[in-house]
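Residues per chain are reported as follows:
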Amino acid sequence: MKQRLVLAGGGHAQLSVLTALARKSPNVEVVLVTPNTHQIYSGMLPGWMVGHYKKEDCCIDLRPLADAARVRLVLANMIGINADHKCVELSDGSHFEYDALSINAGSEINTSWLEAAGERLLSVKPLDNFVQRWPKILAAALQQDDYQLVVVGGGAAGVELAFAAQYAFIKQRCKHASVALIASQQGILPGHSTGVKVRSRRLLEQRGITLFQAQAVGTAEGITLSSGESLRADCIIAATGARPPAWLRNTDLKLDEQGYILVDAQQRSLSHPNVFAAGDVCIRQDIRLARSGVHAVFTGPVLAHNLFASICGQKLRSYRPRKRSLYLLATGPRHAIASWGIASVQGRWVWHWKNWIDRGFMRKYSVVHH
Ligand SMILES: Cc1cc2nc3c(=O)[nH]c(=O)nc-3n(C[C@H](O)[C@H](O)[C@H](O)COP(=O)(O)OP(=O)(O)OC[C@H]3O[C@@H](n4cnc5c(N)ncnc54)[C@H](O)[C@@H]3O)c2cc1C
């Protein structure tokens, strides 16, 4: 009987596995478990919010990729893994036994401090839920005087979302809508250089986005800050830090103290050598990696190689991240800030550079490889 490889989640790294399978398939049966046929590309989401892109510009259709790779697509959520018995449990009640497992199912947003805001709260993840809700927010902001949107989260995603929301309000002529951004006491963009922080702060001010640096707690009316202030909010977008997916509690894989899958330099589970993981769902034991799409994308080819190598009994490779990663932060209109180590630049040309990279990424996965 053929060996079975199960791909859990259709994240950034798994896209490389699919294209590698389309080029050269080891003699195995492959199953991809994912809740949606489409994967929304987060790098283009702020651009979609302001109308630079259509929804289809930022959606990767997993079906042709799976077809080309001769992979069976199962539309369901993983809800558990019994790694000792080499078996995954799905939300539709089915089980799949596997010989090798590749997990790239992302992370969740930690909204625990904000949940008292109830209906007003909108987590940026799952992205498809956010994409459904965003047009309704724009429509409400257009109808209501003094609409107040608060973005919580001072990382790259929160900053980009605040810029995008403010510019979308202007484009839609929501004249009386306002945007506030709440970062923790550390301030915006931790991990980025002072230059990037100064550029971003200056632009936030120019665009009329109020920045608060405090811990935010959700209330029935909006937000209370640790500084004592209260903000009314019609909508709170949560782009707060990542947390491991809840379903990982239902596994016997070795996790770190936060609950992420522990992997080595070869992206292999520390407890179960036939299980690999990449992207936000895992944590490397040997080095500290930011949870970012950049690493999820660059891990992809290594993940693909190692899956095939482990099935065929060949040598595995390590994922060695570059010292610095390039981040291009969209700031609403066709303008962006580039962050690379201690260097930073900004301008319209940076947006066009970002657009070229993002469109190139999308093109790569809209072409069916044979
Ligand atoms: C607005 C925004 C902008 C961002 N911009 C950037 C940027 O410019 N650069 C950058 O490096 N990072 C950026 N990020 C961060 C980046 O999106 C994440 O780090 C990245 O998506 C992680 O990739 P991943 O492949 O691990 O997971 P994901 O991209 O989240 O993919 C996970 C996949 O698994 C599927 N899945 C989820 N749960 C299950 C389940 N239970 N069973 C099966 N499948 C499941 C999902 O449907 C999805 O297809 C941004 C994030 C946001 C929110």
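Residues numbered from 1 in each chain as written. Predicted model: local features only at pLDDT ≥ 70, side-chain atom pairs only at ≥ 80, totals over all residues. Heavy atoms only, no water.

Peer 1: Run through the overall build of the chain, naming residues and quoting values.
Peer 2: Helix and strand counts for the chain stand at 8 helices and 25 strands. Taking 2.2 N^0.38 as the reference for a compact globule, 370 residues should give roughly 21 Å; the C-alpha atoms of the chain span a radius of gyration of 21 Å, in line with that estimate. In terms of overall dimensions, the chain has C-alpha extents of about 65 × 40 × 35 Å along its principal axes. Taking all 370 residues of the chain together, the buried fraction comes to 52%. Surface exposure of the chain reaches about 17200 Å², of which carbon and sulfur atoms provide 50%. (Helix = DSSP H or I, 4+ residues; strand = E, 2+ residues; numbered from the N terminus. Rg over C-alpha atoms; globule rule 2.2 N^0.38 Å. Buried < 20%, exposed > 50% of the residue type's maximum accessible area, 1.4 Å probe, protein only. Areas by Shrake-Rupley, 256 points an atom, 1.4 Å probe, with all protein chains shown as cover.)

Peer 1: Outline the sheet that holds strand β8 (residues 95-97), supporting the account with residue identities and numerical values.
Peer 2: In spatial order, the strands read β6-β7-β8; together these 3 strands make up an open sheet with antiparallel pairing. Each edge of the open sheet is held by one strand with a lone partner, namely β6 (78-82) and β8. Between one strand and the next, the sheet's axes are offset by a mean angle of 20°, whatever the strand orientation. Where β6 and strand β7 (residues 87-90) come together, 4 bridges link them in antiparallel fashion. What sits directly across from Ile 81, in β7, is Val 88. (Pairing = 2+ DSSP bridges. Axes fitted to C-alpha atoms, helices over the stretch in contact; angles between N-to-C directions.)

Peer 1: Quick one: what's the story with the nonpolar core, residue by residue and with numbers?
Peer 2: Core analysis: the biggest nonpolar cluster contains 100 residues, and Trp 134, Leu 149, Phe 169 and Ile 223 have the highest contact counts within it. With 8 residues, the top contributor of residues to this core is helix α5 (residues 156-171). Not counting the four nearest positions on each side in its chain, Leu 149 is found in contact with Trp 134, Ile 137, Ala 165, Phe 169, Ser 178, Val 179, Ala 180, Cys 235 and Ile 237. With 24 residues, the next largest nonpolar core counts Val 88, Leu 253, Val 275 and Val 281 among its residues. (Core = buried A, V, L, I, M, F, W, Y, C linked by side-chain atoms within 4.5 Å. Contact = heavy atoms within 4.5 Å.)

Peer 1: Summarise the site of the ligand; cite the residues concerned and give the values.
Peer 2: Around the ligand lies a shell of 28 residues, among which His 12, Gln 39, Ser 42, Met 78 and Asp 280 are the nearest. Contacts to the ligand include Met 78, whose backbone N or O atom sits 2.8 Å from a nitrogen atom. For the ligand, the accessible surface in isolation is 1000 Å², of which the surrounding protein chains cover 86%. Secondary-structure elements contributing two or more residues to the shell around the ligand are β2 (28-34), α5 and α7 (293-312). Broken down by element, the shell around the ligand gets its largest block of residues, 3 residues, from α7. (Near = heavy atom within 4 Å. Polar contact = N/O pair within 3.5 Å; in protein donor to acceptor, adjacent residues only side chain to side chain.)

Peer 1: Tell me about the pattern of salt bridges, residues and numbers included.
Peer 2: Within this structure, the stated rule accounts for 9 salt bridges. Arg 359 is the partner of Asp 57 in a salt bridge, and the nearest nitrogen-oxygen pair spans 3.8 Å. Here Asp 57, found in the loop between α2 (45-49) and β4 (59-61), pairs with Arg 359, found in helix α8 (residues 348-366); they are 302 residues apart in sequence, far enough to count as distant. Since its relative accessible area comes to 30%, Arg 359 is described here as partly exposed. Notably, a salt bridge pairs Asp 358 with Lys 354, separated by 3.0 Å at the nearest N-O pair. Placement of the pair is Asp 358 and Lys 354 together in helix α8, with a separation of 4 residues, close to one helical turn. A cluster of three or more residues bridged by salt bridges with shared partners is formed by Asp 146, Arg 232 and Asp 234. (Salt bridge = Lys/Arg side-chain N within 4 Å of Asp/Glu carboxyl O.)

These figures capture arrangement, not role.
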